[in-house]
Amino acid sequence: MAAIAERAHNIPQLRDLARRRLPRAIWEFVERGTEDDLLIGRNPDALRAVQLLPRTLRDVSARSAEITLFGRRQPLPLVIAPTGVADLMWHRGERAIAKAAATAGIPFTQTTSSTTSFAEIAKVASCGHWMQMYLWERRDLSWQVVDAARENGAEVLVLTVDTPLWPLREFNRRAGMSNPVRPNARLVGDFLRRPRWLASVMGRYMLEGGLPQFANYPAEVGGRITGKVSRVANSASVDWKDVAELRRRWPGKLVLKGLLHADDARMAVDHGVDGIAVSNHGGRNFDSSPPAITALGDIVDAVAGRAAVLFDSGIRRGADVLKAMAIGADAVMVGRATLYGCAAAGEAGARHALALLANEIDVGMAMLGVNRLNQLDRSFLMPGTAGLLR
């Protein structure tokens with residue numbers, strides 16, 4: 001931990017360490033967006049454009065970033081977002097990030113396409129085990145995943161709703177980084193140019209018996225990440241009837257992830273959803289979508305406290321977290337930050353990423369003049385930036 005701390009004093013520096021260690025194809029899978037790659041930059045740019053207005057001469061000696069989310073108290077307003085390639089960042093990277101989340105006292109969201117079983121993650125995600133899913137055309141197979149998540153103690157189900165079709169990620173296809181992975185000469189060349197990564201990640205998997213498997217797919221769907229997966233990646237027919245059915249089947253907390261329109265947020269609340277994640281999929285799905293931060297205010301107002309509102313997409317600094325919470329978010333999801341940390345130094349790197357954000361949140365609270373996050377509201381937003389928040 002000390003070594004990574006000396007080399008990375010912020011998330012952008014962790015990002016640079018990750019980029020230098022990973023093969024280009026895997027780096028681009030994590031870092032790039034879709035189509036013309038514009039939204040990837042617009043997300044953090046829009047967050048940077050939001051300015052906070054500090055209050056001074058306030059006693060801020062008793063600061064706490066603690067929140068209560070879905071009845072669970074946690075020391076930071078963060079949730080690890082679902083990211084499906086952590087096991088390619090580092091050997092057993094999913095478990096590494098889940099352990100880092102537990103150390104930080106925050107929930108970890110596991111993806112359906114995870115290469116670690118629900119049961120294994122449940123053992124280490126001791127401060128909240130969330131499970132993310134898409135709905136497939138074969139709904140019966142999707143319900144099997146829901147049942148398996150419940151049987152293994154998942155507390156929150158996150159349904160991602162912004163991907164009716166596989167996005168236009170042309171660069172991923174060229175590199176062979178589709179789902180499943182399709183190795184080609186370019187991908188093999190990328191791997192060979194990173195021999196330390198190749199030996200420490202892929203080499204260890206091969207010594208253990210082979211490449212990672214999709215651990216939580218139903219048996220008839222398929223398993224190998226490079227094999228034939230007999231499923232439609234996502235179902236274009238998903239609609240509100242499916243949300244109602246999922247609400248009927250799932251006894252725990254239900255979150256819809258990927259909403260950007262206030263009317264959809266109202267519909268979600270009407271369907272009994274417990275949480276809404278305002279997100280454009282980190283800029284990875286539809287390049288013409290707006291930066292997620294510009295949609296947050298309208299959705300907070302539409303929900304009006306009837307469900308938790310989480311913010312996702314573009315977080316790079318602790319101040320970004322504070323901006324989202326000043327607008328009205330109840331918590332913030334982070335994905336790339338811990339992937340960078342994991343790629344740079346495994347569990348220690350993921351822990352460091354969260355520690356960096358925690359410190360920046362703490363310093364930011366002091367600079368703003370607040371001791372508790374629930375003291376933040378839109379009065380802390382610089383009036384000149386209000387137009388960015390719709």
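See the structure shown above.
Residues numbered from 1 in each chain as written. Predicted model: local features only at pLDDT ≥ 70, side-chain atom pairs only at ≥ 80, totals over all residues. Heavy atoms only, no water.

(A) Representation of helix α4 (residues 39-49) within the structure. Among the residues making up α4, those that are buried are L39, I40, N43, P44, A46 and L47. Take α4 and look down its axis: the buried residues cluster within an arc of 155°, on one side only. Lining the buried residues of α4 we find α3 (24-31), α14 (292-303), β9 (308-311), α15 (318-327) and α16 (336-368). (Buried < 20%, exposed > 50% of the residue type's maximum accessible area, 1.4 Å probe, protein only. Helix = DSSP H or I, 4+ residues; strand = E, 2+ residues; numbered from the N terminus. Arc of directions from axis to C-beta. Contact = heavy atoms within 4.5 Å.)

(B) Quick peek at the packing of α3 against α16. Relative to each other, α3 and α16 sit at 160°, their axes nearing to 11 Å. Classified by the angle their axes make, α3 and α16 are roughly antiparallel. Here W27, V30 and E31 of α3 lie close against α16, whose contacting residues are R336, L339 and Y340. Here the residues of the contact of α3 with α16 are counted per class, giving four nonpolar, no polar and two charged. (Axes fitted to C-alpha atoms, helices over the stretch in contact; angles between N-to-C directions. Parallel < 35°, antiparallel > 145°, perpendicular 65-115°, else oblique. Nonpolar A, V, L, I, M, F, W, Y, C, P; charged D, E, K, R; others polar.)

(C) Inspection of the pairing of strand β8 (residues 275-278) at higher detail. Every second residue of β8 is oriented toward a common face, with G275 and A277 on one face and I276 and V278 on the other, all of them buried. Note on the crossover from strand β7 (residues 253-259) through helix α13 (residues 262-270) to β8: the handedness is right-handed. The handedness of the β8 to β9 crossover, carried by α14, is right-handed. (Right-handed = clockwise from strand over helix to strand, strands pointing away.)

(D) Spatial organisation of α13. Listed as buried for α13 are A262, A265, A268 and V269. For α13, the angular spread of buried residues about the axis comes to 110°, placing them on one side. Close packing links the buried residues of α13 with α12 (240-249), β7, β8 and α14. G272 sits one or two residues past α13 and shows a positive phi near 80°.

(E) Spotlight on the packing of α13 against α14. Interhelical geometry of α13 versus α14 gives an angle of 35° and a closest axis separation of 8 Å. Here α13 runs over α14; the crossing is right-handed. On α14, the residues touching A262, A265, R266 and V269 of α13 are D298, I299, A302 and V303. Counted by class, the contact of α13 with α14 contains six nonpolar, no polar and two charged residues. (Left-handed = near helix turned anticlockwise from the far one by under 90°.)

(F) Main features of the packing of aromatic side chains. According to the stated counting rule, one finds five aromatic pairs in the structure shown. Centre to centre, the rings of W27 and Y340 are 5.9 Å apart; their planes meet at 35°, and the pair counts as tilted. You can see W27 sitting in helix α3 and its partner Y340 sitting in helix α16, a full 313 residues away along the chain. Classification of Y340 as buried rests on a relative accessible area of 1%. Arranged with centres 5.5 Å apart and planes meeting at 90°, the rings of W136 and Y217 form a pair that is edge-to-face. Taken together, the positions of W136 in the loop between β5 (129-133) and α8 (139-151) and Y217 in the loop between α11 (195-207) and α12 put the pair 81 residues apart, joining distant regions of the chain. Put simply, the rings of W136, F214 and Y217 touch in pairs and so form one group of aromatic residues. (Phe/Tyr/Trp six-rings, centres within 6.5 Å; stacked < 30°, edge-to-face > 60°.)

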